[in-house]
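Chain by chain, the residues:
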Amino acid sequence: MQIYKAKDYQDMSRKAANIISAQVILKPDCVLGLATGSSPVGTYQQLIEWYKKGDLDFSRVTSINLDEYRGLPGDNDQSYRYFMNHNLFDHVNIRKECTYVPDGLEPDPQKACAAYEEIIRKSGGVDLQLLGLGHNGHIGFNEPADSFPKETHCVDLTESTIEANKRFFASIDDVPRQAYTMGIGTIMSAKKILIIVSGADKAEILNKVINGPITPQVPASILQLHPDVTVVADEAALSAVTC
Ligand code: GLP
């Protein structure tokens, strides 16, 4: 694992955006695996800024997002499709038809997940997967479990994730209880992985991810086995990392 220490959230965002732009410049028709949550917002803002300056071109990029709430339509302002349009896609020249997010409105989980795996397969695979980190070590919506789920699947969100994500909804009752997410196997098959982590509240879990045992109880710990992982984290998030 390559670990970069950033000063703060803004510095983390700029460093992460640099890595993503390098990918887009080196391979203009690359497949970017993208993430939602508060961690990547600053990264997307930086990418938009560079795009507007004329330094980046997304016209040949394909994007495949990690996850989506089950039951939310793309025009619901809490859906991850809406988040991506609003925070990135509407502001750069990526072709919308080349941006993929699981279909939250597909009621049949098997159908939704198989269709998504097919999209990933047909794209030729993800070149660079961006990840945030949940407080319980989840990546995408792969919650702590007894085993590592392989492919895109439907998950029941844990109480801790529902609690953490309620800040985006009018009330906790509005937070969907299920989501479609890439599996750990899907994530691990990306050629490169970039995980961004900010804030003291993620310090302990980040230390477990980097130095702890590889266990499905800390889903992101599996990243220790990936050959090309870059961690960009701010000082606060790295404050409990022992080496
Ligand atoms: C959500 C998302 C994850 C995200 C994580 C952390 O539940 N499904 O993809 O990485 O939570 O979010 P944040 O960056 O807001 O802390």
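Conventions we followed
Residues numbered from 1 in each chain as written. Predicted model: local features only at pLDDT ≥ 70, side-chain atom pairs only at ≥ 80, totals over all residues. Heavy atoms only, no water. UniProt positions renumbered as here; feature names shortened; annotations may be inferred. Helix = DSSP H or I, 4+ residues; strand = E, 2+ residues; numbered from the N terminus. Contact = heavy atoms within 4.5 Å. Polar contact = N/O pair within 3.5 Å; in protein donor to acceptor, adjacent residues only side chain to side chain. Near = heavy atom within 4 Å. Areas by Shrake-Rupley, 256 points an atom, 1.4 Å probe, with all protein chains shown as cover. Nonpolar A, V, L, I, M, F, W, Y, C, P; charged D, E, K, R; others polar.

- The name given to the protein chain in an unreviewed UniProt entry is Glucosamine-6-phosphate deaminase, and the organism recorded there is Candidatus Limivivens intestinipullorum.
- Its UniProt record gives the protein chain a comment under Pathway (unreviewed entry), which states: "Amino-sugar metabolism; N-acetylneuraminate degradation; D-fructose 6-phosphate from N-acetylneuraminate: step 5/5."
- Under Catalytic activity (unreviewed entry), UniProt gives the following word-for-word description of the protein chain: "alpha-D-glucosamine 6-phosphate + H2O = beta-D-fructose 6-phosphate + NH4(+)".

## Section: the environment of Asn-142
Reasoning step 1: By secondary structure assignment, the location of Asn-142 is in the loop between β6 (128-131) and β7 (153-156).
Reasoning step 2: In this structure, the C-alpha to C-alpha distance between Asn-142 and Ile-119, residues 23 residues apart in sequence, is 19 Å.
Reasoning step 3: Ignoring sequence-local partners within four residues, the contact set of Asn-142 consists of Pro-149, His-153, Thr-181, Met-182, Gly-183, Ile-184, Ile-187 and Pro-219.
Reasoning step 4: Of note is the side chain of Asn-142, whose polar atom sits 3.5 Å from the side chain of His-153.
Reasoning step 5: In this structure the side chain of Asn-142 is engaged in a polar contact, spanning 2.8 Å, whose partner is the backbone oxygen of Met-182.

## Here we look at the site of the ligand
Reasoning step 1: Surveying the vicinity of the ligand reveals 14 residues, the closest of which are Ser-38, Ser-39, Asp-67, Arg-167 and Lys-202.
Reasoning step 2: One of the side-chain N or O atoms of Ser-39 is found 2.5 Å from an oxygen atom in the ligand.
Reasoning step 3: One nitrogen or oxygen atom from the main chain of Gly-140 is found 3.2 Å from a nitrogen atom belonging to the ligand.
Reasoning step 4: For the ligand, whose unbound accessible area comes to 390 Å², protein coverage reaches 96%.
Reasoning step 5: Of the residues belonging to the shell around the ligand, the class tally is three nonpolar, eight polar and three charged.

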